[in-house]
Amino acid sequence: MLLKKLIKIFFVDLTFPFFQMRFILFIFAIISSAVLTANAPLIEAEPGGGVIVLEGNYHNKNLYVQNDVSATGVGYCTYEVRVNGNVSTDEIHTSAFEIDLAQYNLPVGAPVTIIIKHKTNGCAPKVLNPEVLKPNPTFETTYINVNDKGLLKWTTVNETSKLPFVIEQFKWNKWVKVGEVQGKGIPTTNFYSFKTDPIAGMNKLRVKQKGYIDKVRYTPSVSYNSLKSEISHLYIKKYNRLEFSEETSYEVYDKYGNLVKKGYGSKIEASNLKKDIYYVNYGNNMAEFKKK
């Protein structure tokens, strides 16, 4: 009854097409307003202001901010800092300030969102070390072993970031990436395994994680002796290709040390290589061949 009275008051009589159209537009306006309200941004700056949003994880490090003087010459750019929705109590009305994350009792690896609200008009704060929120390896190896078939297994604890584990094998006088397993990024016990391709003789393996700005953490290396036969090679000039006695991973370098081919297989097509001397790594061997 109340709705009918309101309709009567605002639109007089809905039996007329003109008032029907007004009613439809009225309902559309209400719905549009509700949608716009629901989709309104949760982070708002003051009129004429700006917002810096940093997201990442806590790694026992604080953030440092360089804070310019406002364009008017009175006060500083930053007027509010929030950490995971909480207004920071740090002193921000100064030319440089620290965002102390330790006071929030966050566990290592906990998600962190930092919102810095500031004035604009040529005034903007600068976060000096945003990389401290980036993922970094924190895992600890509790077990690692490889059997005589090349199956590598390792166990970790204290992971705080979902970083890939890179499996490396020592061959050709260097550590070579032979595989990758995605890390779970949780602090509880994590189990991993990876099947490697054995080379003849001694096989030495390790696992690493690489974080932001080249921070790397390694497991201890493990070794085993493989009874696999040596792989040999033969350059067949007639077909412009290098053939191996069995499938193997390989690398080909020119005389300047540039990598020109890399892969896995029983042969290397050399037709697209210019005539010169090349160096090939395969199996547990390093050799030289000349394309004529």
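Our subject is the structure that appears above.
Notes on the structure in this doc start here.

**A few points about the sheet that holds strand β8 (residues 140-146)**
Consideration 1: Ordered by their spatial adjacency, three strands build an open sheet running β8-β9-β12, and the pairing between neighbours is antiparallel. Edge positions in the sheet fall to β8 and β12 (190-195), since each has one partner strand and no second. Sheet twist, expressed as the mean angle between neighbouring strand axes with direction ignored, is 15 degrees.
Consideration 2: Looking at chain direction, strand β9 (residues 151-157) and β12 are connected through six bridges and run antiparallel. Note that in β12 the partner of Thr156 across the bridge is Asn190.

**Notes on the nonpolar core**
Inside soluble globular proteins, nonpolar side chains tend to come together where they are buried.
Consideration 1: If you look at the biggest cluster of nonpolar residues, it comprises 18 residues, and the most contacted ones within it are Leu63, Ile99, Ile114 and Leu133.
Consideration 2: If you list the elements that add at least two residues to this core, you get β2 (63-66), β3 (78-83), β5 (96-99) and β6 (111-119).

**As for unusual backbone geometry**
Glycine aside, negative phi is the norm for most residues, and most peptide bonds take the trans geometry.
Consideration 1: Phi is positive for Asn84, close to 50 degrees, though the residue is something other than glycine.
Consideration 2: Within the secondary structure layout, Asn84 lies in the loop between β3 and β4 (86-87).
Consideration 3: Taking relative accessible area as the criterion, Asn84 reaches 34% and is therefore assigned partly exposed.
Consideration 4: A positive phi angle is found at Asn240, which is not glycine, with a value near 50 degrees.

**Some words on the pairing of β3**
Consideration 1: The sheet contact formed by β3 and β6 spans five bridges and is antiparallel. In the strand pairing of β6, Arg82 is matched with Ile115.
Consideration 2: Strand direction decides the pairing type here: β3 and β4, joined by two bridges, are antiparallel. Residue Arg82 lies in a different strand from β4, and its bridge partner there is Val87.

Calculation rules
Residues numbered from 1 in each chain as written. Predicted model: local features only at pLDDT ≥ 70, side-chain atom pairs only at ≥ 80, totals over all residues. Heavy atoms only, no water. Pairing = 2+ DSSP bridges. Helix = DSSP H or I, 4+ residues; strand = E, 2+ residues; numbered from the N terminus. Axes fitted to C-alpha atoms, helices over the stretch in contact; angles between N-to-C directions. Core = buried A, V, L, I, M, F, W, Y, C linked by side-chain atoms within 4.5 Å. Buried < 20%, exposed > 50% of the residue type's maximum accessible area, 1.4 Å probe, protein only.

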